[in-house]
Structures are given as structure tokens and as C-alpha cells.
Amino acid sequence: MRLTVAQALVRFLAAQYTERDGRRRRLVAATWGIFGHGNVAGIGQALLESGPDAMPFLQGRNEQAMVHAAVGYARQSGRLSTHAVTTSIGPGATNLVTGAALATINRIPVLLLPGDTFATRPADPVLQQLEVPYAADVSVNDALRPVSRHFDRITRPEALVPAALQAVRVLTDPVQTGAVTLALPQDVQAEAYEWPEEFFAERVWRVRRPRPDRAELAAAADAVRGSARPLIVAGGGIRHSGAQAALAALAEATGIPVAVTQAGKGVLPYGHPADVGGIGHTGTATADALAREADVVLAAGTRLSDFTTASATLFQNPAVRFVGLNLDPYDAHKLAARPLVADAREALDELREALAGHRVDAAYETAYRQGAARWDAVVDRAYAVSAPDEELPPTQAQVLGLLDALVDATDILVNAAGSLPGDLHKLWRARSADQYHVEYGYSCMGYEIPAAIGVALAAPGRPVWALVGDGTYLMNPTEIVTAVQEGVPIRVVVLDNHGYASIGGLSGAVGAEGFGTAYRFRAADGTYTGDPLPVDLAANAASLGMAVIRARTVRDLREALAEARSATRPTCVYVQTRTPDTVSGPPPAQAWWDVPVAKTATRKAASQAREEYDRQAAQRRRHL
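Worth saying up front: this structure is predicted, and the values here are computed from it rather than measured.

This part takes up the overall build of the protein. Per the secondary structure count, the protein includes 24 helices and 23 strands. Since a compact globule built from 624 residues should have a radius of gyration of about 25 Å, the 25 Å found for the protein is in line with a globular shape. By principal-axis analysis of the C-alpha atoms, the protein measures approximately 70 × 70 × 55 Å. In the protein, the share of contacts with a sequence separation of at least 24, taken over all contacts with a separation of at least 6, comes to 77%. If the 60 positive side-chain charges of the protein are averaged to one point and the 65 negative ones to another, these points end up 4 Å apart.

Following this line, the structure appears as C-alpha cells:
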């Protein structure tokens, strides 16, 4: 079959499927693209020729945002289906780097197809080419190597066959998955070749579920049986495996409490008797207290990042030992854990069977359930709206409380950066396994709006909310145009607090005094402490085609959110939030996070912050 390389690649991708538990999904459901000289005559022509039935096309506005949308789609699809992203050479390709890092860090599959400079070098250099005197084969696409799980450059047509197969192998591997990059020189894309028809045959890639090793399973069961205060830390791997029911069954059979990471929140629904909420720096007092006293921790499907471990200060019991349940041995061995390398669902089911008849002490179970109830009261107080509050701007916690009162299990919340992830992890009551979509592996400002589009494409008919601060909004609002163009009715809630509130708070805590974190005019002393900038984000969203509802008070906001939820077109709710007082607002961090403080300084704030830093850092420990 005589086709160009680009035509062959598009035809090949259209025939790739995944299968898990008997359910078959198309692997690459659509391709996002922005065209330039490096891909318009290759991939662009191939997409046109293939038609929307073979490969649907989505027009983006920013290359990074297109990757975020693909990631949102893939995560919502259980990593069983994803999107491809094509760009030209030069800035289009380098704009992929941030999105690729986000995908790889979060272990989410996405296929990147950047154009590249000429393989045959008829003209050298070409427009947008990076010239590297010591390595003539380097292009800007090499910047994608460290943030891709697999990288290849197709310099000959016949090289596409093994390269495409390897790319799909990595995309469908639950351990290795992440960003996969196939760099496509623009001349090679347009070159014709005689392809074997077998290359385009339908292929089904079965996503494996490895069962645990018997000896590792027995060791894990022995550790739990011998423990007085066991704790399960559930991460995103539970969700990726579809192991929520298996986790609930284990917790119900044994009475072991379950604390969740950012990626794991929602794997047990709000109100489950074993759920003790978020763990770590942004966790609940209940979960963090349990972690400090736990003697065995089953770390299930988590990377155990510094937010989860409170920078190695959280697990303080001298006798604590870890069991690392993870598909990836790299993660399963962290904190000197007894590894349990397996699919989460398979391992949790078999561990429950191995623990048949075992249950934690009744007093332990009663104590953590009472602790969870006390934290629920803390959430109620943070969400509370008094009669005078009705006519005031809301606090950020009250915004979440009003949403909490409005949504049901069908709604999905998307967030990634700023102060919202901390508030959501501590306060949000997740009603379904996929309601809580917070990207905190890379915590990338600008993720929310494009990711919400991807989520909505994967979950049509469900209300999808992108929660963004003003700093995040200004980073990457352009895909609003895409939502309008495609008629994707995302709801964007913009919380304007005139700056980088999260980092502003951190800056104050580490002695940097909020320097450079406010969106204000310069004052006489040269600092950004003057009046707030006259920026109208609501008008900006309206100019990009969204329906916009301005909410000035709590009363306004309650009505605006209800109107947005029932909207059939992309809708923005804009509100300026009020600084919380001592009564209404999120509780402070329940565990530490290591951000090094200046060891020597002339300013009092930094000196005091260093004293507190040294006190907290003294609690760090190596788990051996």
C-alpha cells in the first residue's frame, strides 16, 4: 500500500485498541493540532485525507494546552484511551515540553508528534532550526527526551513500523506509560513508501493485571496481622487500576483506615467508614495523626511524594514499616518497603483473602472514626455561611462549600495549582471515584481549562468544573476558544484574589515576606504593594466567547453556580474572594513541607523562619 509516512502513521493509529477486563477502547481517539511548515503538508494533509471518521481532529490554540487536554481525556478514560498532539518544528515543539513532563510525572499516556527539521538536509539551516555545532543531529525536539517515557526520531520511512509499534507498547504499558514522542522530520512525513498491509491491521493491546508473588503476598499479610495500628495510604494507582471496590472490600473486612493522596482522593466515597481523608502536608488532622502513630503502612498505588510524607517527617513511630503495593518496582521499594509488585486490584483482593478473619482492634477503629467525624465538623465550619456573609464576598472555603451543596456524583472538579489543591484535599467531599481531578504530580498552572475540555470529551453529558485562581487563569486561558468552537460546556470558576495567593502565603512563612507575589501597582518603595491592578478577567473570558456571570456576594455566587451548572454552553463564573478570618476559612497545614529557608539573613522575618525550619527539619528521618 503506497502512502506517505504521515498517512501511514494516521492509518496505523486509527487501528490500535486497548482491552482490559473485556472492555475494548480505541487507543488514540482523536488528534489535536496546530499547523506550521513542519507538519502542515505531512500530518496535516494525512488527517485531512483520512477524514474525521478514521481520525477525529481537534484544533488547539496553544501546544502545551493541547497536551493538557489530552492528559485530561486520558485520565478520565482510565488510561485506556488518549489523544495525539501534532505540532510544527520550533516553538510549537518546545511548547510541548511542559505538557510532556506533566503527563510523564503523572503516569498518563499521551502521544506527541512534533515536526522536525529535514532529515535529508537539502537546506541547512531551515526556518526555526536550532544549530548545535557539536551535534548536527540535535534539534529542539531533543528537549523532549528527559520528559518522555519513549522517544524516537523517524529519519527513514521504513523506520516507522518498529517505531510505531514501540510507541504503542509504551502507551499501553501500565508501568512505563507517560508521554511518548515520535519526532517527525518534515521531509520524511511527506515521503511515500510501499507499506505492508499487515501494518494497518487492527491490533488489540491487552492491559495486563499482574498478580502478586506468593512470597511477597504472604510477607505483606504477615506484616498487617502483626500490626496494632495499620494504615492504608491510597494513591492514584488505585484509580488507574479500577481497584476502588477491592480497596473498599479490604477496608471493610479488616477495619484498616484509608488515607488518600491528592491523586487517590475519591477512591473511597465521602462517608465511607474507613475514609480518614487526605494525608500529608495538605491532609486532615485525623489522617496525619494516624500516620504519625502507624506501625505498618500499606502504600497502595502511590509515589510517596514529599507532600504525602510531609518531607519525611510524618511517619514518626520508631517501629513503622512499609508495604509498597505498586505495579512499578521502583515505587514499591520506596521507604525501604516490603515490595508487593502487582496490579492494585488483584493484590488487594488477594490480600483480603490472605487476611480472612483478621480485624483491627475495636478501640482503634472507634477512635479513627471519631476523628473523622471531628474533621467533618471542621469542614462544616470552613464552609459555613452566616447571615451577614450573604452580602459579603465569599472566602475561598465558602466557594467550595457552595459547590459542595450544589453538585452530585456526576460532577467532576478539575484543578492543579495555587492554594486550591490544599483546600480541596482537606475539605472536599468526593462523591464518586472520578469526581476529584486534581493534577498535583506537576501542579501545573494553566492545566485546568484545557484539561476540563479533555475530561468533558471523555465524559459527555457530565458537568465539568475548572476551578482556577487569577494567576492560573492568566497563564493559559486560550483554550476557552476551543471549548466555544467545539461546544464543550465546561464551567470555569475564576477566583480572583489579586495575585499568587498560595506562594504569597508560603513566601510569608519562609521569610520572603510575600515579595513579588501580589498583582498590584508598584508603591513608592518599588514593591508591588500599591492598589490592585485594574484587570478584568471576566471581560477577558467574555471576549473569548464564554457566557460570563459575575458574582459579588455569597448570595450572587450561589445563584451563579446553579445557573452555570445548568448551562449548555461554556460558562464562566467570576468572583473576587475575601481573605478568610479566624472563623471561616480552611484549617492550617497539619504537617510540614520542606522548603529551605535562608541560612543567613539580615531581615528579621527570614531569621525567624529559619529557626522554625530548623525545628521542623530535625524531625526528618530515613526509613531503613
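Next up on the list: the pairing of strand β2 (residues 16-20). With 4 of its 5 residues buried, β2 lies for the most part within the structure. Two strands pair when backbone bridges link them, and β2 and strand β11 (residues 203-206) are joined in this way by 4 bridges, in the parallel orientation. Each bridged residue has a counterpart across the sheet, and for Q16 the counterpart in β11 is R203. Here 4 bridges tie β2 to strand β3 (residues 23-26), and the two strands are oriented antiparallel to one another. Among the inter-strand pairings, R20 is bridged to a residue of β3, identified as R23. Here β2 folds back onto β3 in antiparallel fashion, the turn holding 2 residues, of which D21 has a positive phi close to 55 degrees.

Here the focus is the pattern of salt bridges. In the structure shown here, the tally under the stated rule is 35 salt bridges. R206 serves as the salt-bridge partner of E19, at 3.3 Å between the closest nitrogen and oxygen. Placement of E19 in strand β2 and of R206 in strand β11 is noted, with a sequence separation of 187 residues between them. The partly exposed category is assigned to E19, whose relative accessible area is 22%. With a relative accessible area of 60%, R206 lands in the exposed category. Salt-bridge contacts for D411 lead to R565; the nearest nitrogen and oxygen are separated by 2.6 Å.

Here we come to the sheet that holds strand β9 (residues 179-185). Strands sit in the order β5-β4-β6-β7-β9-β8 across an open sheet of 6 strands; the sheet is parallel. Bordering the open sheet on either side are β5 (57-59) and β8 (150-153), each of which pairs with just one other strand. Strand-to-strand twist in this sheet, taken as the mean axis angle between neighbours without regard to direction, amounts to 20 degrees. Here 4 bridges tie strand β6 (residues 82-87) to strand β7 (residues 110-116), and the two strands are oriented parallel to one another. Following the sheet pairing, A84 is matched in β7 by L111.

Bringing the packing of aromatic side chains into the picture now. Inspection of every chain in the model, using the stated rule, returns 11 aromatic pairs. Pairing W195 with F199 gives two aromatic rings, centres 5.9 Å apart and planes at 20 degrees, and the pair type is stacked. No difference in accessibility class separates W195 from F199, as the two residues are buried. Each ring, one from F307 and one from Y440, has its centre 5.2 Å from the other, and the planes form 75 degrees; the classification is edge-to-face. Of this pair, F307 sits in helix α12 (residues 306-309) while Y440 sits in the loop between β19 (436-438) and α18 (448-458), and the two are 133 residues apart along the sequence. The class for Y440 is partly exposed, based on a relative accessible area of 21%. By the ring-pair criterion, three or more aromatic residues cluster together here, those being F12, Y193, W195, F199 and F200. The ring of Y17 carries the charged tip of R24 above its face, separated from the ring centre by 4.2 Å. The cationic tip of K265 hangs over the ring face of Y436; the distance from NZ or CZ to the ring centre is 5.6 Å.

With that out of the way, let us pick up the environment of P210. Along the polypeptide, P210 turns up in the loop between β11 and α8 (214-225). Residue class for P210 comes out partly exposed when judged on its relative accessible area of 28%. Considered as a pair, P210 and L182 are 28 residues apart in the sequence and their alpha carbons are 28 Å apart. For P210, the contacting residues outside a window of four places in its chain are L327, A342, D343 and E346.

What follows concerns the environment of A459. Within the fold, A459 resides in the loop between α18 and β20 (464-469). Judged by relative accessible area, A459 falls into the buried class, the value being 7%. Taking the C-alpha atoms as reference points, A459 and S77, 382 residues apart in sequence, are found 8.3 Å from one another. In this structure, A459 is in contact with Q76 and I412, ignoring residues within four places of it in sequence.

In this model, helix α24 (residues 604-617) (14 residues) spans 20 Å end to end at C-alpha, consistent with the 20 Å of a helix rising 1.5 Å per residue. The complete set of buried residues in α24 reads A606, A609, R610, Y613, Q616 and A617. Considered in projection along α24, the buried side chains sweep an arc of 125 degrees and stay on one side of the axis. Seen from the buried face of α24, the exposed residues on the opposite side, beyond 90 degrees, are K604 and E611. Along its buried surface, α24 packs onto α21 (501-509).

Tracing the chain through its elements places L561 in helix α23 (residues 554-565). Considering only alpha carbons, one finds L561 and T571, 10 residues apart in sequence, at a separation of 9.8 Å. With sequence-adjacent residues up to four places away left out, L561 is seen in contact with V399, L402, L403, L406, W465, V493 and V573.

As a further point, take unusual backbone geometry. For the peptide bond that leads from D124 to P125, omega is 10 degrees, which places it in the cis range. Residue position: P125 is located in the loop between β7 and β8. Phi angles above zero are rare outside glycine, and R79 is one such case at about 65 degrees. Tracing the backbone shows R79 in the loop between α3 (63-76) and β6. Residue classification places R79 among the buried residues on the basis of a relative accessible area of 13%.

Glancing now at a nonpolar patch on the surface. Together, L474, F521, L533 and V535 give the surface a local cluster of nonpolar side chains, amounting to about 330 Å² of exposed area. Relative to the assigned elements, L533 resides in the loop between α21 and α22 (537-543). Residue classification places L533 among the partly exposed positions, given a relative accessible area of 32%.

Criteria and thresholds
Residues numbered from 1 in each chain as written. Predicted model: local features only at pLDDT ≥ 70, side-chain atom pairs only at ≥ 80, totals over all residues. Heavy atoms only, no water. Helix = DSSP H or I, 4+ residues; strand = E, 2+ residues; numbered from the N terminus. Rg over C-alpha atoms; globule rule 2.2 N^0.38 Å. Contact = heavy atoms within 4.5 Å. Lys, Arg positive; Asp, Glu negative; His and termini not counted. Charge placed at Lys NZ, Arg CZ, Asp CG, Glu CD. Buried < 20%, exposed > 50% of the residue type's maximum accessible area, 1.4 Å probe, protein only. Pairing = 2+ DSSP bridges. Salt bridge = Lys/Arg side-chain N within 4 Å of Asp/Glu carboxyl O. Axes fitted to C-alpha atoms, helices over the stretch in contact; angles between N-to-C directions. Phe/Tyr/Trp six-rings, centres within 6.5 Å; stacked < 30°, edge-to-face > 60°. Lys NZ or Arg CZ within 6 Å of the ring centre and 35° of its normal. Expected span 1.5 Å × (residues − 1). Arc of directions from axis to C-beta. Patch = residues over 30% accessible without salt bridge, like charges linked within 9 Å, V, L, I, M, F, W, Y side chains within 5 Å. Areas by Shrake-Rupley, 256 points an atom, 1.4 Å probe, with all protein chains shown as cover.

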